[in-house]
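So you can see what is in the structure, the chains are spelled out below.
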Amino acid sequence: MRELVVVVGTRPEIIKMAPVIRAAEGTFDRYLVHTGQHYDAEMSGAFFEALDLPTPDSNLEIGSGTQGEQTADALVGVERLLLERDPAAVVALGDTNAVLSTALAASKLPTTFGHVEAGLRSFDRSMPEEVNRVVADHVADLSFAPTEQAVANLAEEGVTDGVHETGNTIVDACREHAPLAAERSSVLERFDLEGRYVAATIHRASNTDDPERLRAVMDALDGARAPVVLPAHPRTQAVLDEIGYEPEGSLRLVDPLDYLDFLKLLDGARVVVTDSGGIQEEASILEVPCLTVRPNTERPETVEAGVNELVEPGDLGARLDALLTDDEAHAAMTGHPNLYGDGRAGERIVDALAERL
């Protein structure tokens, strides 16, 4: 049986790759590589077991470092592994350094490289993620675009061969994992959450590298009219510690949550406040109004559908207040769970790989 190497570097990548890994069973021999870009307890064997997934066959353990250091170390490790295994195909997802390294390594070897979640664009080259996704798209043999807009973005850049509109695997993942979260997570009981509450995540450099901007975001969350639970990313917590920020109102800063806990937290939230691309998608699927603290997004369809709004820190408090207290305003930001497909993206990706090979 032909071998398919799947490369991931962060927790969101394995969550979104899970449907591809499951769909590949019986069609390919699967070999899962974790670059170790973000190693923590939630990328341990227990994490994969919780999602009913095989644990990685290889961990490159590249660890933290600068953009260049991470990319270079992963490039060397992925290239060495591909030379040793000579797989029929290799796939990577998204816009992290893991996908950039995999794209560069695979493009110079006689293997087929597929980029999952191809064609997303923020049109902001100051974001490292934008550079990563653009490079991956331009060297990919197969581009698995989640939406019609993503296909159009690729065409505008001259990428038309090997492009497949598949839907987004996050739909598959949400549908597969939400029942597990409902069954296995006690997060709402642990945090004593009843009635309306807000889920929040803030971690992008555009927010954390400016202490005053981060303080303004935290103040808006702290002043909300309902409990706000924010699992603090290490980058975010480090800046908060540095500026001595302590919430005094509604905001609860908690340790990072495992995926099933966060999925259940998000599913039950009245509103989510984030700067994460993936959570914008998950919120639309779960019909949770989303406020995104960024000037742009590579998920424009969520904004166009009215289920996501880009906000600046100074406007966050008022918008949050409206969504917590005004049922009509809240209802206007729900009702579009199918922006990213029908939950069969994983199957379509595997089918396209099998047809190509």
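The preceding data block contains the structure.
Rules and cut-offs
Residues numbered from 1 in each chain as written. Predicted model: local features only at pLDDT ≥ 70, side-chain atom pairs only at ≥ 80, totals over all residues. Heavy atoms only, no water. Helix = DSSP H or I, 4+ residues; strand = E, 2+ residues; numbered from the N terminus. Buried < 20%, exposed > 50% of the residue type's maximum accessible area, 1.4 Å probe, protein only. Pairing = 2+ DSSP bridges. Right-handed = clockwise from strand over helix to strand, strands pointing away. Core = buried A, V, L, I, M, F, W, Y, C linked by side-chain atoms within 4.5 Å. Contact = heavy atoms within 4.5 Å. Phe/Tyr/Trp six-rings, centres within 6.5 Å; stacked < 30°, edge-to-face > 60°. Lys NZ or Arg CZ within 6 Å of the ring centre and 35° of its normal. Axes fitted to C-alpha atoms, helices over the stretch in contact; angles between N-to-C directions. Parallel < 35°, antiparallel > 145°, perpendicular 65-115°, else oblique. Arc of directions from axis to C-beta. Salt bridge = Lys/Arg side-chain N within 4 Å of Asp/Glu carboxyl O.

The next point concerns unusual backbone geometry. The phi dihedral of Asp-192 is positive, around 55°, even though this residue is not glycine. Mapped onto the fold, Asp-192 is located in the loop between helix 8 (187-190) and strand 8 (198-201). We note that Glu-287 has phi near 60°; this positive angle belongs to a residue other than glycine. Relative to the elements of secondary structure, Glu-287 occurs in the loop between helix 13 (277-286) and strand 12 (290-292). Relative accessible area serves as the criterion here: at 36%, Glu-287 is assigned to the partly exposed category.

Attention now moves to the pairing of strand 6 (residues 142-145). By the alternation rule, side chains of strand 6 split into Leu-142 and Phe-144 and Ser-143 and Ala-145, which are all buried. The sheet contact formed by strand 5 (residues 112-116) and strand 6 spans 3 bridges and is parallel. The partner of Val-116 across the bridge, within strand 6, is Phe-144. For the crossover that starts at strand 5, traverses helix 5 (residues 128-139) and ends in the parallel strand 6, the hand is right-handed. Relative to strand 7 (residues 163-165), strand 6 runs parallel, the two sharing 3 bridges. The residue of strand 7 that forms the bridge with Ala-145 is Glu-165. In this view, the connection linking strand 6 to its parallel neighbour strand 7 by way of helix 6 (residues 148-156) has right-handed handedness.

What follows concerns the nonpolar core. Core analysis: the largest hydrophobic core is formed by 56 residues, its most contacted members being Leu-4, Val-6, Ile-14, Met-17, Leu-265, Val-272 and Leu-353. Setting aside chain neighbours within four positions, we find Met-17 in contact with Val-6, Val-8, Val-91, Ala-92, Leu-93 and Val-116. By size, the runner-up hydrophobic cluster in this structure holds 27 residues, among which are Ala-232, Leu-320, Leu-323 and Leu-324.

Read from one edge to the other, the open sheet built from 7 strands follows the order 3-2-1-4-5-6-7, with strand pairing classed as parallel. On the outer flanks of this sheet lie strand 3 (58-59) and strand 7, each paired with one strand and no other. By the bridge criterion, 5 bridges tie strand 4 (residues 89-93) to strand 5 in an arrangement that is parallel. Counterpart to Ala-89 in the pairing with strand 5 is Thr-112.

A few words on the environment of Gly-195. Position of Gly-195 relative to the elements: it lies in the loop between helix 8 and strand 8. Considered as a pair, Gly-195 and Arg-270 are 75 residues apart in the sequence and their alpha carbons are 8.7 Å apart.

This part covers the packing of aromatic side chains. Per the counting criterion, the structure on display carries 0 aromatic pairs. Note that Arg-190 overlies the ring of Phe-191, its terminal NZ or CZ placed 5.9 Å from the centroid.

Inspection of the secondary structure assignment puts Thr-96 in the loop between strand 4 and helix 4 (97-107). With a relative accessible area of 16%, Thr-96 lands in the buried category.

Below, the discussion takes up the packing of helix 7 (residues 169-184) against helix 12 (residues 259-268). Helix-helix packing is characterised by the crossing angle of the two axes and by the distance between the axes. At a closest axis distance of 9 Å, the pairing of helix 7 and helix 12 adopts a crossing angle of 95°. Between helix 7 and helix 12, the crossing angle belongs to the class labelled roughly perpendicular. Side by side, helix 7 and helix 12 meet where Ala-173, Cys-174, His-177, Ala-178, Leu-180, Ala-181, Ala-182 and Arg-184 of the first sit next to Tyr-259, Leu-260, Leu-263 and Lys-264 of the second.

In this section: helix 6. Along helix 6, the positions that sit buried rather than exposed are Ala-150, Asn-153 and Leu-154. Here the buried residues of helix 6 occupy an arc of 95° about the axis, which is enough to place them on one side. Facing away from the buried side of helix 6, by more than 90 degrees, are the exposed residues Glu-148 and Glu-156. Here the buried face of helix 6 lies against helix 5, strand 6 and strand 7. Following helix 6 by one or two positions, Gly-158 adopts a phi angle in the positive range, close to 85°.

Two side chains that carry opposite charge are able to pair once their charged atoms sit near each other. Under the definition given, this model contains 23 salt bridges. The partner of Arg-85 in a salt bridge is Glu-3, and the shortest N-O contact between them spans 2.8 Å. Note that Arg-85 is positioned in helix 3 (residues 67-85) and Glu-3 in strand 1 (residues 3-8), a separation of 82 residues in sequence. A relative accessible area of 34% places Arg-85 in the partly exposed class. By relative accessible area, Glu-3 is classed as buried at 15%. Among the ionic pairs, Arg-294 bridges to Glu-298, the shortest N-O distance being 2.6 Å. Each member of the pair, Arg-294 together with Glu-298, is buried.

These figures come from the coordinates and say nothing about function on their own.
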